[in-house]
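Residue-level structural notes
Here's the letter readout for the chains.
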Amino acid sequence: MALFHVRMDVNIPRDLDPEVRAETIAKEKAYSQELQRAGKWPEIWRIVGKYSNISIFDVDSADELHEILFNLPLFPYMDIEVMALTKHGSDVKD
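Our subject in this report is the structure included herewith. Only a predicted model underlies this, so the values are computations on that prediction, with no experimental measurement involved.

1. Considerations on the pairing of strand β2 (residues 43-46)
Sheet topology note: the β2/strand β3 (residues 52-59) ladder contains 4 bridges and is antiparallel. Note that in β3 the partner of R46 across the bridge is N53. In textbook terms, the turn of a hairpin is the stretch between consecutive antiparallel strands, and for β2 and β3 this stretch comprises 5 residues, one of which, G49, has a positive phi near 80°.

2. Looking at helix α1 (residues 18-37)
With 20 residues, α1 extends 29 Å between its outermost C-alpha atoms, agreeing within 8% with the 28 Å of an ideal straight helix rising 1.5 Å per residue. Every buried residue of α1 is listed here: T24, E28, Y31, S32 and L35. When α1 is viewed along its axis, its buried side chains cluster within an angular range of 95° and face the same direction. Opposite the packed face of α1, turned more than 90 degrees from it, sit the exposed residues P18, E19, K29, E34 and R37. Looking at the buried positions of α1, the neighbouring elements they touch are α2 (62-70) and β4 (78-85).

3. Some thoughts on the pattern of salt bridges
All chains considered together, the criterion is met by 5 salt bridges. We note a salt bridge from E23 to K27, for which the minimum N-O separation is 3.5 Å. Taken as a pair, E23 and K27 lie in helix α1 at a separation of 4 residues, close to a single helical turn. What makes E23 partly exposed here is its relative accessible area of 47%. K27 sits in the partly exposed class, given a relative accessible area of 48%. The salt bridge involving K93 is made with D91; its shortest N-O contact spans 3.4 Å. Relative accessible area serves as the criterion here: at 58%, K93 is assigned to the exposed category. A relative accessible area of 31% means that D91 is categorised as partly exposed. A single salt-bridge network, built from bridges that share partners, covers K40, D60 and E64.

What counts, and at which threshold
- Residues numbered from 1 in each chain as written.
- Predicted model: local features only at pLDDT ≥ 70, side-chain atom pairs only at ≥ 80, totals over all residues.
- Heavy atoms only, no water.
- Pairing = 2+ DSSP bridges.
- Helix = DSSP H or I, 4+ residues; strand = E, 2+ residues; numbered from the N terminus.
- Expected span 1.5 Å × (residues − 1).
- Buried < 20%, exposed > 50% of the residue type's maximum accessible area, 1.4 Å probe, protein only.
- Arc of directions from axis to C-beta.
- Contact = heavy atoms within 4.5 Å.
- Salt bridge = Lys/Arg side-chain N within 4 Å of Asp/Glu carboxyl O.

Functional significance is not addressed by these values, which are geometric in nature.
See below:
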């Protein structure tokens, strides 16, 4: 198990065909919900006032995360920042 904090900022071009835009967003939603149900994407949070999110991914490796992100339908329109996470020594859990 490897946990990653991922910030995704979406920048869809304003001149993108509205039909292509709607289709891409629908595919993105279906893909992300499939990953959420599979436990790979356990947390997703909207950043208020932006077309952005903060997500937590629980995957086997950085390579798996890369594959997941690269296959996001909105990937061509995203700026993505990834931070690997590890347990903190002061965490009272476990």
